[in-house]
Amino acid sequence: MRFQNQLSLGRVYKWLWGLCILGLVFTGFGQLPIYARYKLSTLPGLKWSADFYFTHALHEVFAFLFIALAVYAIILWLFGGRPALSKAGILKLIILVGIFATGIVRVLKNFHDFYFSPDTLLVADLGHLALAVVFLVAIAITAALSSPWFKKEYREQ
Ligand code: HEM
């Protein structure tokens, strides 16, 4: 782990992050009845993708991995000289915070101890789906423009 003005997340972290986002996107959209409708679930090894409860549970497993990886990166950033985010980094961060917040409401709504008004639930439900789509577009654009998370002077050599 390197500290001064450099954030060293390493190859394993980047692969885990990529796998986690891929898993969240696939299982997230798997909760909409599209994989059965468009016959994706008839492909070998993908029968499970049409099972709402399985994709829902898998989505929450990936959500916990997402939270763990995010907390690790935040701790590394806090003790690693707090390198400045690029504009693309700030955009992706805002979208991910929105996805996380709406996702948490969607998890907690299933527990009796938590009450959310119908308006809050509507915003969380529609907001989560909308932000998921915006996130996919943001990833595609920032990847195409190869816009990294951090400003030039803070990127790993
Ligand atoms: C990049 C990250 C993520 C993406 C792309 C994503 C995508 C999605 C999509 C497309 C849906 C289906 C929307 C719908 O049914 O209207 C969904 C549902 C859901 N997501 Fe996510 N999600 C992400 C992260 C998270 C996180 C971090 C959490 C929890 C903290 C979470 C919790 C949930 C829950 C609870 C549902 C609703 C399941 C249901 O009751 O139908 N998601 N997600």
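Now for a look at the structure at hand. (Residues numbered from 1 in each chain as written. Predicted model: local features only at pLDDT ≥ 70, side-chain atom pairs only at ≥ 80, totals over all residues. Heavy atoms only, no water.)

The next subject is the overall build of the protein. In terms of helices and strands, the protein carries five helices and zero strands. When the backbone C-alpha atoms are referred to their principal axes, the protein occupies close to 50 × 40 × 25 Å. Sorting the 157 residues of the protein into buried and exposed places 29% on the buried side. Counting only contacts in the protein whose residues sit at least 6 apart along the sequence, the fraction spanning at least 24 positions is 74%. Accessible area of the protein: about 10,500 Å², with a carbon and sulfur share of 73%. The positive charge centre, built from 14 side chains, and the negative charge centre, built from 7, are 13 Å apart in the protein. (Helix = DSSP H or I, 4+ residues; strand = E, 2+ residues; numbered from the N terminus. Buried < 20%, exposed > 50% of the residue type's maximum accessible area, 1.4 Å probe, protein only. Contact = heavy atoms within 4.5 Å. Areas by Shrake-Rupley, 256 points an atom, 1.4 Å probe, with all protein chains shown as cover. Lys, Arg positive; Asp, Glu negative; His and termini not counted. Charge placed at Lys NZ, Arg CZ, Asp CG, Glu CD.)

Moving on, we come to the nonpolar core. Side chains that are nonpolar tend, in soluble globular proteins, to be buried together. Among the nonpolar cores identified, the biggest contains 16 residues, and Tyr13, Trp17, Phe66 and Phe135 are the most heavily contacted of them. Those elements that provide at least two residues to this core are α1 (10-29), α3 (52-79), α4 (87-108) and α5 (118-144). Counting contributing residues per domain, this core is built from domain 1 (1-82) and domain 2 (84-157), each supplying no fewer than three. Discounting chain neighbours no more than four positions away, the residues touching tyrosine 13 are Leu69, Ala70, Tyr72 and Ala73. (Core = buried A, V, L, I, M, F, W, Y, C linked by side-chain atoms within 4.5 Å. Domains from an automatic or database assignment.)

All right, on to the coordination of the iron atom of the ligand then. The iron atom of the ligand binds to the protein through His59 (NE2) and His128 (NE2); the donor distances cover 2.0 to 2.1 Å. If you look at the iron atom of the ligand, its six donor atoms make angles of 88 to 180° with each other, and the shape they trace is octahedral. With histidine 59 in helix α3 and histidine 128 in helix α5, this residue pair connects regions lying 69 residues apart in the sequence. Owing to a relative accessible area of 15%, histidine 59 belongs among the buried residues under this scheme. (Donors = N, O, S within 2.8 Å, 3.2 Å for Na, K, Ca; no water. Tetrahedral: all angles 85-135°; square planar, octahedral: opposite > 155°, others 65-115°.)

Attention shifts here to the site of the ligand. In the vicinity of the ligand lie 22 residues, with Gly28, Gln31, His56, His59 and His128 positioned nearest. Between a nitrogen atom of the ligand and a side-chain N or O atom of histidine 59, the distance comes to 2.9 Å. One nitrogen or oxygen atom from the side chain of arginine 106 is found 3.4 Å from an oxygen atom belonging to the ligand. For the ligand, the cavity whose grid points lie within 2 Å of the majority of its atoms is the second largest pocket. Here the shell around the ligand gets six residues from one element, more than from any other, and that element is α3. Class assignment for the residues of the shell around the ligand results in 14 nonpolar, six polar and two charged. Here the shell around the ligand gathers at least three residues from each of two domains, domain 1 (1-82) and domain 2 (84-157). (Near = heavy atom within 4 Å. Polar contact = N/O pair within 3.5 Å; in protein donor to acceptor, adjacent residues only side chain to side chain. 1 Å grid on protein atoms, 1.4 Å probe; cavity = no way out; pocket = protein on both sides within 12 Å on 5 of 7 lines; lining within 4 Å. Sits in = over half its atoms within 2 Å of the grid points. Nonpolar A, V, L, I, M, F, W, Y, C, P; charged D, E, K, R; others polar.)

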